[in-house]
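Architecture at a glance
Residues per chain are reported as follows:
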Amino acid sequence: MTDIFRCILLLERNAGNNCLDVFVACFESSGMKRDETRHNFGGPCEARRGVTFFEHRIALTQHYNNFVYCVYTPHHTCGLLVLGGQKITGSDVRDQNVLATQAIANIVKSSFGPSGLDKMMVDDIGDVTVTNDGATILSLLDVEHPAGKILVDLAQQQDKEVGDGTTSVVLIAAELLRRANELMKNRIHPTTIIVGYRIALREAVRYMNENISTKVEALGRDSLLSIAKTSMSSKIIGSDSDFFANMTVDAIQSVKTTNNKGEVKYPVKAVNLLKAHGKSALESVLIKGYALNCTVASQAMKTRIPDAKIACLDMNLQKERMKLGVQITVDDPQQLEKIREREAGIVLERVEMILKSGANVVLTTKGIDDLCLKLFVEKGAMAVRRCKKEDLRRIAKATGATLVSTLSDLNGDERFDASNLGHADEVTQDRISDDECIVIRGTKAHSSASVILRGSNDYQLDEAERSLHDALCAVKRTLESGRIVPGGGAVETALHIYLEEWATSVGSREQLAIGAFAQALLVVPKILATNAALDATDLVADLRSRHALSQRLSSDPTTAAHSHAPNGAAPGTSPQKPSSRGSVAGGAGGAGADEEARALAHKKNYRNYGLDLKRGRVGDSVKAGVLEPAMSKVKQLKSAVEACVAIMRIDTIIKLDPEQRGGEDDGHGH
Ligand SMILES: Nc1ncnc2c1ncn2[C@@H]1O[C@H](COP(=O)(O)OP(=O)(O)OP(=O)(O)O)[C@@H](O)[C@H]1O
Ligand SMILES: [Mg+2]
């Protein structure tokens, strides 16, 4: 279909009749000349020529089914023009994009949900990563297709903004795109689909906020524990989720701060995750304070400093050396001695200056010379060298210190102000498990927490860190936004039923796109069930019937009558499905049966029903403790639609062939 060959166009102005001759030579990608033609067109009139040439170019393009573009410069009697490349348009490009996104979604599909499996990624230098996290899997892939890249970016964006739900967002986006492509094949214009999707998104978010999500205050600490457990259920630490959920909630609650605007924030970055080899995951510890994976610079130093005044430095406290290239000629050996003394003196002065400002804990990212250590020991201060810069930045923030990279002020004098110091209740060197680390407790500006993860190998520790990070993010989002929704596919099914019904009230062609949006949401419960080795068709049908019943009966009887077509149209979504389990609506019966079903739906809270994967049936997700932050779901839908729209808007791909080098002989024999 898409022949790749080069066309070389030579435009010649025929001096005689002022016409334009086009000479076209076509080469196959192998370099074989395929065809050679000369076209004569245009008339003697200058103005007319442009038009004709344009028309003719289209004809040529069609003729060669190739990407040809020309630059016509009328002043050149002969010009060499152009182009090798590939142009794909219309349904071909859409098919390609859908294929690429499906391929990406298929990679992460089997990692989705509590029964999802892990992936082992080996990079080009042999580094191994074992993970279940969607964003990590995708970031380690080397995706070349532009549409695929959009999905990879989407997962990264979700990871950055929410922290969890990266697999879901990719799956939903790929499904939305697949369904959009089907609609386009049925001659629905992409613009209509885009508008339809956006309308559906708006309505879905509105419905979720008004009818599905619950305020978290009503549920307390238990709901936070459930959120953490749900987030880590699919991960390596899922089996110890009781232990880690408590740790997560304690950690995030201990870093609670209020910013200048009076908003309460829970910065995940204030929770420092450290990894230590050995022992089992259950021996991980949470420390209220900032733990640094370093030790004091000298054994003689104190290992506990109460009422700490902390100096955070990003500079060397080592003997000052002459700059490279500086040459000094001395003829007196005493002068040389003086130079040496001065070299050592400079750094000693600096240390004294810092200690004089009142600092009793000095942390630096660089080295500290042994000759300075004496000063610290004499003054009873603690010094720690080779800290990570990122750690110091956070400590500076938590203690109210300033990370100082030079002591010089604008006049060139050196000084260290006491205002650069941070404060904490105490700094100690603690033995935690087999390791020693510095712990800063009671930081004054912001509180902080640290988790020391234990595990037998690097892969496990890395994955545990990622999983804990996901859980911390999920709890943070819940605390900040204050709303939760039931998980296990409950939200998606509820939105599916609602949107399918609501689509019928939209009298324009966007209805089809809204219907497709509703259908696409079902991908979540379907994959959850499939990954748990359950019958997705059966379970999803059961789930749908309960949500349909709940929505039909929970709405006001008058509006219900209004919104439902006579005799319960919408055949696919009829809530009165004759259930083999006999537990749902019973028969289609009269008012009495309806009343009974209504009572049952209320009593059993069908609107919270999701998949209970352990028992292989549907159940109340809120009761089962499968909860997710509402904000994460909203963001998932929004980002998925945006990515889908971005890909759907593409109708042409023009890809130039890479420039071929070294083909020509330069006459030098190489
Ligand atoms: N116990 C459970 N029963 C049913 N569904 C569950 C349970 N625990 C989690 N889920 C569901 O699993 C899904 C989350 O799975 P998972 O954590 O693998 O993916 P993700 O959060 O989208 O991506 P990632 O965690 O990789 O960033 C959610 O839809 C959640 O409702
Ligand atoms: Mg998750």
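Up top is the structure.
Residues numbered from 1 in each chain as written. Chains lettered and ligands numbered in written order. Predicted model: local features only at pLDDT ≥ 70, side-chain atom pairs only at ≥ 80, totals over all residues.

1. Things to note about the site of ligand 1
So the rule is basically this: In this text, near has one meaning. A residue is near a molecule or strand if its C-beta atom, placed using the backbone, is within 6 Å of it. Secondary structure elements follow DSSP: runs of H or I of four or more residues count as helices, runs of E of two or more count as strands, with numbering from the N terminus. Here the nonpolar group is Ala, Val, Leu, Ile, Met, Phe, Trp, Tyr, Cys and Pro; Asp, Glu, Lys and Arg are the charged ones; every other residue, Gly included, is treated as polar.
Taken together, 24 residues lie near ligand 1, and Thr 166, Thr 167, Ser 168, Gly 487 and Gly 488 sit nearest. When residues of the shell around ligand 1 are traced back to their parent elements, those giving at least two are helix H3 (134–140), helix H5 (166–185) and helix H15 (523–531). Among the elements that make up the shell around ligand 1, the one with the highest residue count is H5 (3 residues). Taken together, the residues of the shell around ligand 1 sort by class into 8 nonpolar, 12 polar and 4 charged.

2. Overview of the nonpolar core
Just so we agree on the cut-off: By convention in this section, buried Ala, Val, Leu, Ile, Met, Phe, Trp, Tyr and Cys residues joined through C-beta atoms within 7 Å make up a nonpolar core. Our exposure labels follow a C-beta count within 10 Å of each residue's own C-beta, placed from the backbone: buried means 20 or more other C-beta atoms, exposed means 12 or fewer, and partly exposed covers the counts in between. Two residues qualify as a contact pair if the distance between their C-beta atoms, derived from the backbone, is within 7 Å.
One finds Val 170, Ala 173, Leu 176, Ile 310 and Cys 644 to be the most contacted residues of the largest nonpolar core, which totals 157 residues. When neighbours within four sequence positions are excluded, Leu 176 is seen to be in contact with Tyr 197, Phe 517, Ala 520, Ala 640, Val 641 and Cys 644.

3. Examining the packing of helix H9 (residues 333–356) against helix H10 (residues 370–379)
So the rule is basically this: Angular values range over 0 to 180 degrees, each being the angle between N-to-C directions of two axes fitted as lines to C-alpha atoms, with helices fitted over their stretch in contact. Geometric relationships in this document are graded by angle, where less than 35 degrees denotes roughly parallel, more than 145 denotes roughly antiparallel, 65 to 115 denotes roughly perpendicular, and other angles denote oblique. By the definition used in this description, the sense in which the near helix is turned from the far one sets the handedness, with an anticlockwise turn below a right angle giving left-handed and a clockwise turn giving right-handed.
Packing of H9 against H10 brings their axes to within 9 Å, and their N-to-C directions diverge by 25°. Regarding the angle of H9 to H10, the classification is roughly parallel. Considering how the two elements wind past one another, H9 and H10 form a crossing that is right-handed. Residue-level contacts link Ala 344, Val 347, Leu 348, Val 351, Glu 352 and Leu 355 of H9 to Leu 371, Cys 372, Leu 375 and Lys 379 of H10. Class assignment of the residues belonging to the contact of H9 with H10 gives a composition of 8 nonpolar, no polar and 2 charged.

4. Some remarks on the pairing of strand S20 (residues 449–455)
Threshold: Whether two strands pair depends on DSSP finding at least two bridges between them.
Buried residues dominate S20, accounting for 7 of its 7 residues. Side-chain alternation along S20 places Ala 449, Val 451, Leu 453 and Gly 455 on one buried face and Ser 450, Ile 452 and Arg 454 on a second face that is also buried. Inspection of the sheet shows strand S11 (residues 271–277) paired to S20 by 7 bridges, in the parallel sense. Counterpart to Asn 272 in the pairing with S20 is Ser 450. In this structure, strand S12 (residues 285–287) lies alongside S20, joined through 3 bridges in antiparallel fashion. Opposite Ile 287, over in S20, you have Ser 450 as the bridge partner.

5. Topic: the sheet that holds strand S8 (residues 214–215)
Read from one edge to the other, the open sheet built from 3 strands follows the order S8-S21-S24, with strand pairing classed as antiparallel. Only two strands of the sheet have a single neighbouring strand rather than two, namely S8 and strand S24 (627–629). Relative to strand S21 (residues 483–486), S8 runs antiparallel, the two sharing 2 bridges. Within S21, the position partnered with Thr 214 by the bridge is Ile 484.

6. A look at the sheet that holds S12
What links the strands of a sheet is backbone hydrogen bonding, and the strands pair in either a parallel or an antiparallel sense. Strands sit in the order S11-S20-S12 across an open sheet of 3 strands; the sheet is mixed. Both edges of this open sheet fall to S11 and S12, since each of them pairs with a single strand only. Averaged over neighbouring strand pairs, the angle between their axes works out to 20° when direction is ignored. Strand contacts of helix H12 (residues 458–481): S11 and S20, with the helix running at about 145° to S20, the strand carrying the most contacts.

7. Points about the packing of helix H4 (residues 146–161) against helix H20 (residues 630–648)
Direction vectors running N to C along H4 and H20 enclose 160°, while the axes themselves pass 10 Å from each other. As the angle between them shows, H4 and H20 are arranged roughly antiparallel. Note that H4 runs across H20; the crossing there is right-handed. Packed against H4, whose contacting residues are Ala 147, Ile 150, Leu 151, Leu 154, Gln 157, Gln 158 and Glu 161, the element H20 presents Lys 635, Gln 636, Ser 639, Ala 643, Ala 646 and Ile 647 at the interface. Across the contact of H4 with H20, the residue classes break down as 7 nonpolar, 4 polar and 2 charged.

Function-wise, these values are silent; they only describe arrangement.
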